[in-house]
Every structure is written in structure tokens, then in C-alpha cells.
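Here is what each chain is made of, one letter per residue.
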Amino acid sequence: MNLAQGYIEYIINPKSGSVIGKGTAKKFANYLRNNGYDVRVDKTKSMEHVCQLATKAAMDADCSMVAVAGGDGTVREVAHGLEGSGKRLMIIPSGTENLLAKELGTSNAFKRLVEVFEDGFISELDLGIANGRCFTSIAGLGFDGDVIKKISEKRKGHITHLHYLQPILQTVRDHEFPNIRVIVDDEEIFNGQGEVFVGNISRYATGLRILRDADFSDGLLDVCVYKCASRIQFVKHYIKTIFRVHAHADDVIYRQCKKIYISSSSKNVRTQIDGDPGPELPIKIEVIPNAVRVFVSKSGKRAEL
Ligand SMILES: [Mg+2]
């Protein structure tokens, strides 16, 4: 592909990534160098550092594009730093879920990465912003906020799906369904006990498609409210979501919008954004349309329904 003059800022999070993921990141950097690109690798020290590196690259006229090797949290911080710059972003997914990368049609297989890079398909990516904090994929409130809090308290570096099991089981046992009020584009759509998800992509952890109609470049956020007051109802929602018939259920509200305001009369309602602990309530979420330009595969865009 034809890249304008300039170096490639290559951001690697050494903490997020399996051994295989790290190998791919190195191999892809070598591939770029072997093809004549000036690759400048920066290893990240913290999430703040990730955003700083991306912001610096965004402002540097000599930087032609940015590559990031990391999980969904690392990719989010890079996207935040690049917002509005017009710089292209190549994702080398090496986290546990890699939800955004999957939605874009890339993977951590080396051959696939080379294909995506050489084909050179670029798409606009919207971002969500929740109380000033960006997210690329999904924000959740209630149950999954509790699960993420439990995981983050114990987390040291890379985690696998197994790390989620105990916190999920504990949360199923202890969770109290909060009272929440949801206002979408200035209209109250819900006031009662439930769980809320807001996002930009259709994929969610463990392969669920909660926001099944979400499109990452349509300038809208998808919202799904599960009315839920008991564990039995929660399990029913879960089963319907597995079979992707939840959006039409009587006790589910599904909308697309530009802004959402969520408040709660319950105490200690936790939130998560892209798998990390999120802001406290009340929370105001808005979409930033066309925020970042990302490499996608020909088969990217919407997940197959
Ligand atoms: Mg969208």
C-alpha cells in the first residue's frame, strides 16, 4: 500500500498479551521494516502512557500512521489519543477478547494482518464518550460493572477467560438489580430495575451479541435495557441473548441514539467501559462520529447476524 512519507508509531503494551500475541506483534513490526517502513516501537508503561504516546503521534506531522498491539483497553486509549487527527490506525489484537478487532474483521493471525494492511481498506470508527472517558466498544451498567470491578481488583497483567469465571459466579450469587433511569435523546425510555448496555459494536464478551444491530461507523450508539428484578429473569435474558432473539422481547428496550443519560437511586451501581471499571453514576454518554480512521478487512463492518 502507498503510505505517505513518515514513520509508523508502533505502540506495544507488554502487559496485555499472551505469548502468541507478543510473537505476532514482533513479527508484524519486522514485516513492516522488511518492506521499507520506518517503524518506531514504544512500549507502554500505563494506560495514561498509552494515551500520551497516541496523542504525541497524532500531533506529529512526521508520523504517517499508528499501529497498536494490545487488548481492548490499550486500543481504546490509542483511539482516544488519535481522535480527530485523521491518522490511520492498525490494530494488532493481543488481548483476551479483542472485541473491536474482531468486529473490524482483523485477527491476531500474522497472515491476516498482512492481508488487512496490504488491502488498505480504511473505515471511520465512531467513539463513545462517557463522563469524559472514551470507549470504542461497549459500556455496561449493573451486573457486568460488578464483574469487572471484581476482576480488576485482582488483575495483574494479561488475563484469560478463566479469570472471569469466579467473579461471574460470585456476582450471580450476590448481585442486586439496581433501580435505574434511562434517558435517550431527551426521552425517558426506562425507570425501574434492570441492566443497561450502551455501545458501538455488536460483539460482547463470550460471543454474546447484546447490541446486535450496532454499526461502528453509523454515528449512533446502540442501547439495550434489560428489565430485570430477579435471577430467573436474568437467566431468561441471557438465554434469549444467546439465541439473538432478545431485542424483541417485551421486557427489553432496544434503541439507537446519539446521547444517553443514566442515573440511579440505588447505591454502588458500578459501570464498565471496554472491560475496565467505568465512571460513577450519573453517567452521560455521547457519540463522537468519525473519530478515528481504522484499517478493516473487506469482510469487516457488521458482524454476521
Ligand atoms: Mg454505531
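Reading the values: rules and limits
Residues numbered from 1 in each chain as written. Predicted model: local features only at pLDDT ≥ 70, side-chain atom pairs only at ≥ 80, totals over all residues. Helix = DSSP H or I, 4+ residues; strand = E, 2+ residues; numbered from the N terminus. Rg over C-alpha atoms; globule rule 2.2 N^0.38 Å. Buried ≥ 20, exposed ≤ 12 C-beta atoms within 10 Å, placed from the backbone. Contact = placed C-beta atoms within 7 Å. Domains from an automatic or database assignment. Pairing = 2+ DSSP bridges. Core = buried A, V, L, I, M, F, W, Y, C linked by C-beta atoms within 7 Å. Axes fitted to C-alpha atoms, helices over the stretch in contact; angles between N-to-C directions. Left-handed = near helix turned anticlockwise from the far one by under 90°.

Points about the overall build of the protein chain
And step 1. Counting its regular elements, the protein chain contains eight helices and 15 strands.
And step 2. Computed over the C-alpha atoms, the radius of gyration of the protein chain is 19 Å, within 12% of the 19 Å expected from 2.2 N^0.38 for a compact globule of 305 residues.
And step 3. With the C-alpha coordinates of the protein chain rotated into their principal frame, the extents come out at 60 × 35 × 35 Å.
And step 4. By residue count, 44% of the 305 residues in the protein chain fall in the buried class.
And step 5. Taking the intrachain contacts of the protein chain between residues at least 6 apart in sequence as the baseline, contacts between residues at least 24 apart amount to 75%.

Topic: the environment of Val 68
And step 1. Along the chain, the position of Val 68 falls in strand 3 (residues 63-70).
And step 2. On the neighbour-count criterion, Val 68 (30 C-beta atoms within 10 Å) is buried.
And step 3. The sequence separation of Val 68 and Leu 89 amounts to 21 residues, and the corresponding C-alpha distance is 7.6 Å.
And step 4. Leave out the neighbours within four places in its chain, and Val 68 touches Ile 11, Thr 74, Val 75, Val 78, Leu 89, Ile 91 and Ile 92.

Let's talk about the domain arrangement of the protein chain
And step 1. Assigned domains of the protein chain: these are domain 1 (7-120) and domain 2 (133-289).
And step 2. On a C-alpha basis, the centroid separation for the pair domain 1 and domain 2 is 27 Å.
And step 3. Of the residues lining the interface, 17 residues belong to domain 1; the matching set on domain 2 comes to 18 residues.
And step 4. Put simply, the parts of the chain that give the side of domain 1 that touches domain 2 at least two residues each are helix 3 (72-82) and helix 4 (99-104).
And step 5. In terms of residue count, the dominant contributor to the side of domain 1 that touches domain 2 is helix 3 (six residues).

Focus: the pairing of strand 5 (residues 122-130)
And step 1. Sheet analysis places strand 5 next to strand 15 (residues 283-295), joined by eight bridges and oriented antiparallel. Each bridged residue has a counterpart across the sheet, and for Ile 122 the counterpart in strand 15 is Phe 295.
And step 2. Of the pairings in the sheet, the one linking strand 5 to strand 6 (residues 133-135) comprises three bridges and is antiparallel in character. Residue Ala 130 lies in a different strand from strand 6, and its bridge partner there is Arg 133.
And step 3. Taking the residues between adjacent antiparallel strands as the criterion, strand 5 and strand 6 are bridged by two residues, where Asn 131 takes a positive phi near 45 degrees.

Some points on the nonpolar core
And step 1. Ranked by internal contacts, the top residues of the largest apolar core, which has 75 residues, are Ala 54, Val 66, Val 68, Val 78, Ala 79, Leu 89 and Ile 91.
And step 2. With seven residues, the top contributor of residues to this core is strand 15.
And step 3. Three or more residues apiece are contributed to this core by two domains, here domain 1 (7-120) and domain 2 (133-289).
And step 4. Other than its neighbours up to four places away in sequence, Val 78 contacts Ile 11, Val 50, Ala 54, Val 66, Val 68 and Leu 89.

What about the packing of helix 2 (residues 47-59) against helix 3?
And step 1. Between helix 2 and helix 3, whose axes approach to 7 Å, the crossing angle comes to 35 degrees. Where helix 2 crosses over helix 3, the handedness of that crossing is right-handed. When helix 2 is examined against helix 3, the residues Met 47, Val 50, Cys 51, Ala 54, Thr 55 and Ala 58 are found in contact with a partner set consisting of Gly 73, Thr 74, Glu 77, Val 78, His 80, Gly 81 and Leu 82.

Some points on helix 3
And step 1. For helix 3, the buried fraction is high: ten of the eleven residues fall into the buried class.
And step 2. Turning to helix 3, its buried residues number three or more, namely Asp 72, Thr 74, Val 75, Arg 76, Glu 77, Val 78, Ala 79, His 80, Gly 81 and Leu 82.
And step 3. Gly 84 lies just past helix 3 and shows a positive phi near 80 degrees.

A look at unusual backbone geometry
And step 1. Along the chain, Leu 281 connects to Pro 282 via a cis peptide bond; the corresponding omega equals -5 degrees.
And step 2. Note that Pro 282 resides in the loop between strand 14 (276-277) and strand 15.
And step 3. A positive phi angle, close to 55 degrees, is found at Asn 98, a residue other than glycine.
And step 4. With respect to the helices and strands, Asn 98 occurs in the loop between strand 4 (88-93) and helix 4.
And step 5. Judged by local crowding, Asn 98 falls into the buried class, with 23 C-beta atoms found within 10 Å.

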